[in-house]
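Spelled out from the first residue to the last, the chains are:
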Amino acid sequence: GLRGCGGGRCGRYCHWLRMKVVVVALAALGVVLALDNGLGRTPQMGWNSWNHFGCGINETLIRQTADLMVSTGLLALGYQYLNLDDCWEAPERDAQGNLQFNPQTFPSGGKALGDYIHTRGLKFGIYSSAGNMTCQKRPASLHHETADANQFAAWGVDYLKLDNCYNENIPPTVRYPIMRDALNKTGRPIFYSLCEWGQDFPAFWAGSVGNSWRTTGDISDDWKSMISRADENSFFWREAGPGHWNDPDMLEVGNGGMTFEEYKTHFSLWCIMKAPLLIGCDISKMTNETLTILSNTEAIAVNQDPLGIQANRVWSSHLTAHPDQHEVWAGKLVDGTAVLLFNRDETAVNITAAFSDVGVSGPQHVRDLWLHRDMGTFTGSYGASVPGHGVVLLKFTSA
């Protein structure tokens, strides 16, 4: 074992070390397992039913959401996946042992629903668990991977979120690759989203298994939950890249539990961290403020930058009188650098990004991506007033 490995935080750290050792050992032995679906070259964008609707989903809602994703302009912005979460399933498999849609809530079945979603120009996402039941105790995919992958492909599914409930204590490093292989064998490209909750540090082993992996537990629609997910996710910034992304859970923007500034912070952090942008609100009730956030094309461009480099925290005020309250995050873009001035305090504060911390030199053109305004050319540093619980999202380009 590893010396000094006990319980609590130290135990979790040592568990991470063990996982890292396993991954390195497999690589040294030439063990290469590939997802090989060509998807997720940039983080996935779309909508998921869970954060707002939970189990309260049905065919009418999903079809209306598909229509709204087109009419509101969300699809044109890049939000292409319409993902059903838990509770689409019938209580039992059919006589042939296949998953089936609940006939009371989805009377037309999976193929017809997928066809409708596709006619709108969207992609069709679905949910299961790498366990013997889903989290809401519906039939799930453990020990049924081949049959379920084939069923998903027959329905025209483009995206699978695979949860972690009722997993029989089988390690995720065993369970999740089985579905990867089953999806590959269908011949249909299906985005593979691992929802393992970050328990076994999938950032260190899932790059060859899925297109994205949860690094955290479930998000809630409040400031503390959102920030904690961002902090946990930031630890793994080196592991993200084209085809394989860290996932701090879905967006809560528009669900009502945070302020406009807090939702801007939420969206900005997810954009600069190259996190999936999966809308979680009721699109039919979006306010103008919500749509303004979700449709910020300059922030989305940061998220979808082809370099795929996740930004990380490059400066914190922990050496000042306000420990860990004021921060600068930065990450390279194909044509510059994304910079986030982040204020965890409740009151406005001036935050300055030193070019040496951000990793740039020489004069820099600075553009504010929320104001959509060029701020000028600066040397050495750039500072701005940042609202309480707010951010200033910037792009630096060499002058």
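Please read all numbers here as calculations on a predicted model, not as lab measurements.

### A short note on the sheet that holds strand 13 (residues 364-368)
- Strand order in the open sheet formed by six strands is 9-10-11-16-13-14, with antiparallel pairing between adjacent strands. The sheet terminates laterally at strand 9 (312-316) and strand 14 (373-378), the two strands that pair on one side only. Between one strand axis and the next, the sheet turns through 25° on average, direction left out of account.
- Docked against the sheet, helix 9 (residues 260-272) engages strand 10 (326-333), strand 11 (336-343) and strand 16 (391-398), running at close to 145° with respect to strand 11.

### With respect to helix 5 (residues 109-119)
- Within helix 5, the full set of buried residues consists of Gly109, Gly110, Leu113, Gly114, Tyr116 and Ile117. Buried residues of helix 5 fall within an arc of 160° about the axis and therefore sit on the same side.
- Where helix 5 is buried, its residues contact helix 3 (59-71), strand 2 (81-83), strand 3 (123-129) and helix 6 (145-155).
- Of the residues trailing helix 5, Gly121 is marked for its positive phi of about 85°.

### Some remarks on the packing of aromatic side chains
- One pass over the structure, following the stated rule, counts 17 aromatic pairs.
- When the centroid spacing of 4.8 Å and the interplanar angle of 75° are considered together, the rings of Phe378 and Tyr382 count as edge-to-face.
- Residue Phe378 is classed as partly exposed on the basis of its relative accessible area of 26%.
- Each member of the aromatic cluster is reached from another via a ring pair, and the members are Trp88, Phe101, Phe106, Phe152 and Trp155.
- When the ring centre of Tyr116 is taken as origin, the NZ or CZ atom of Arg120, which lies over that ring, is 4.1 Å away.

### Some remarks on the sheet that holds strand 4 (residues 159-163)
- Taken together, eight strands build an open sheet; the order of strands is 7-6-5-4-3-2-1-8 and the sheet is parallel. The strands lining the two open edges of the sheet, one partner per strand, are strand 7 (245-247) and strand 8 (277-279). With strand direction ignored, the average angle separating the axes of adjacent strands in the sheet is 25°.
- Bridging between strand 1 (residues 45-48) and strand 2 involves three bridges; their strand directions are parallel. Considered in strand 2, the bridge of Gly46 is made with Tyr81.
- Sheet strands touched by helix 3: strand 1 and strand 2. Its angle to strand 2, the strand with the most contacts, is close to 160°.
- Relative to strand 3, helix 5 is tilted by about 140°, and along the sheet it contacts strand 2 and strand 3.

### Regarding the state of the cysteines
- What the rule picks out here adds up to two disulfides.
- With its sulfur 1.7 Å from that of its partner, Cys55 forms a disulfide with Cys87. Of the two residues, Cys55 sits in the loop between helix 2 (50-53) and helix 3 while Cys87 sits in the loop between strand 2 and helix 5, which places them 32 residues apart along the sequence.
- When its relative accessible area of 3% is taken as the criterion, Cys87 is described as buried.
- For Cys135, the disulfide goes to Cys165, at an S-S distance of 2.0 Å. Linking Cys135 and Cys165, the disulfide has an S-S dihedral of approximately 90° and is accordingly described as right-handed. Of this pair, Cys135 sits in the loop between strand 3 and helix 6 while Cys165 is found in the loop between strand 4 and helix 7 (172-186), placing the two residues 30 residues apart along the sequence.

### Re the packing of helix 3 against helix 5
- Two numbers describe how helix 3 lies on helix 5: the axes approach to 10 Å, and their chain directions differ by 15°. When the axis of helix 3 is compared with that of helix 5, the two are roughly parallel. As for how helix 3 packs across helix 5, the hand of that crossing is right-handed. Taken together, the residues of helix 5 that come into contact with helix 3 (itself represented by Glu59, Ile62, Arg63, Ala66 and Asp67) are Gly109, Ala112, Leu113, Tyr116 and Ile117.
- Classifying every residue of the contact of helix 3 with helix 5 gives six nonpolar, one polar and three charged.

### Examining the pairing of strand 3
- Most of strand 3 sits inside the fold, with six of its seven residues counted as buried.
- Where strand 2 meets strand 3, three bridges bridge the pair, whose relative direction is parallel. Paired with Asn83 across the two strands is Gly125, which belongs to strand 3.
- Handedness of the crossover joining strand 2 and strand 3 through helix 5: right-handed.
- In the classification by handedness, the crossover that spans strand 3, the intervening helix 6 and the parallel strand 4 is right-handed.

### A look at the nonpolar core
- Core analysis: the largest hydrophobic core is formed by 82 residues, its most contacted members being Tyr79, Trp88, Tyr192, Phe267, Leu269 and Trp270.
- Ranked by residue count, the leading element in this core is helix 9, at six residues.
- If near-sequence neighbours (up to four positions away) are discounted, Leu269 is found in contact with Met226, Ile227, Ala230, Trp329, Leu340 and Phe342.
- Counting 16 residues, the second largest nonpolar core, distinct from the first, contains Val339, Val358, Tyr382 and Phe396.

### Brief notes about the environment of Gly257
- Here Gly257 lies in the loop between strand 7 and helix 9.
- Separated by 34 residues in sequence, Gly257 and Trp223 have C-alpha atoms that sit 8.1 Å apart.

### Things to note about the confidence of the model for the chain
- The predicted model of the chain averages 92 in pLDDT, with 90% of residues at 70 or higher.
- The low-confidence segment residues 1-14 (pLDDT under 50) makes 10 contacts with residues lying over four places distant or belonging to another chain.

### Remarks on unusual backbone geometry
- Even without glycine at this site, Lys137 takes up a positive phi of about 65°.
- The backbone of His389 sits at a positive phi, close to 55°, despite the residue not being glycine.
- Relative to the assigned elements, His389 resides in the loop between strand 15 (381-386) and strand 16.

Calculation notes
Residues numbered from 1 in each chain as written. Predicted model: local features only at pLDDT ≥ 70, side-chain atom pairs only at ≥ 80, totals over all residues. Heavy atoms only, no water. Pairing = 2+ DSSP bridges. Helix = DSSP H or I, 4+ residues; strand = E, 2+ residues; numbered from the N terminus. Axes fitted to C-alpha atoms, helices over the stretch in contact; angles between N-to-C directions. Contact = heavy atoms within 4.5 Å. Buried < 20%, exposed > 50% of the residue type's maximum accessible area, 1.4 Å probe, protein only. Arc of directions from axis to C-beta. Phe/Tyr/Trp six-rings, centres within 6.5 Å; stacked < 30°, edge-to-face > 60°. Lys NZ or Arg CZ within 6 Å of the ring centre and 35° of its normal. Disulfide = S-S within 2.5 Å. Parallel < 35°, antiparallel > 145°, perpendicular 65-115°, else oblique. Left-handed = near helix turned anticlockwise from the far one by under 90°. Nonpolar A, V, L, I, M, F, W, Y, C, P; charged D, E, K, R; others polar. Right-handed = clockwise from strand over helix to strand, strands pointing away. Core = buried A, V, L, I, M, F, W, Y, C linked by side-chain atoms within 4.5 Å. pLDDT = per-residue confidence, 0-100.

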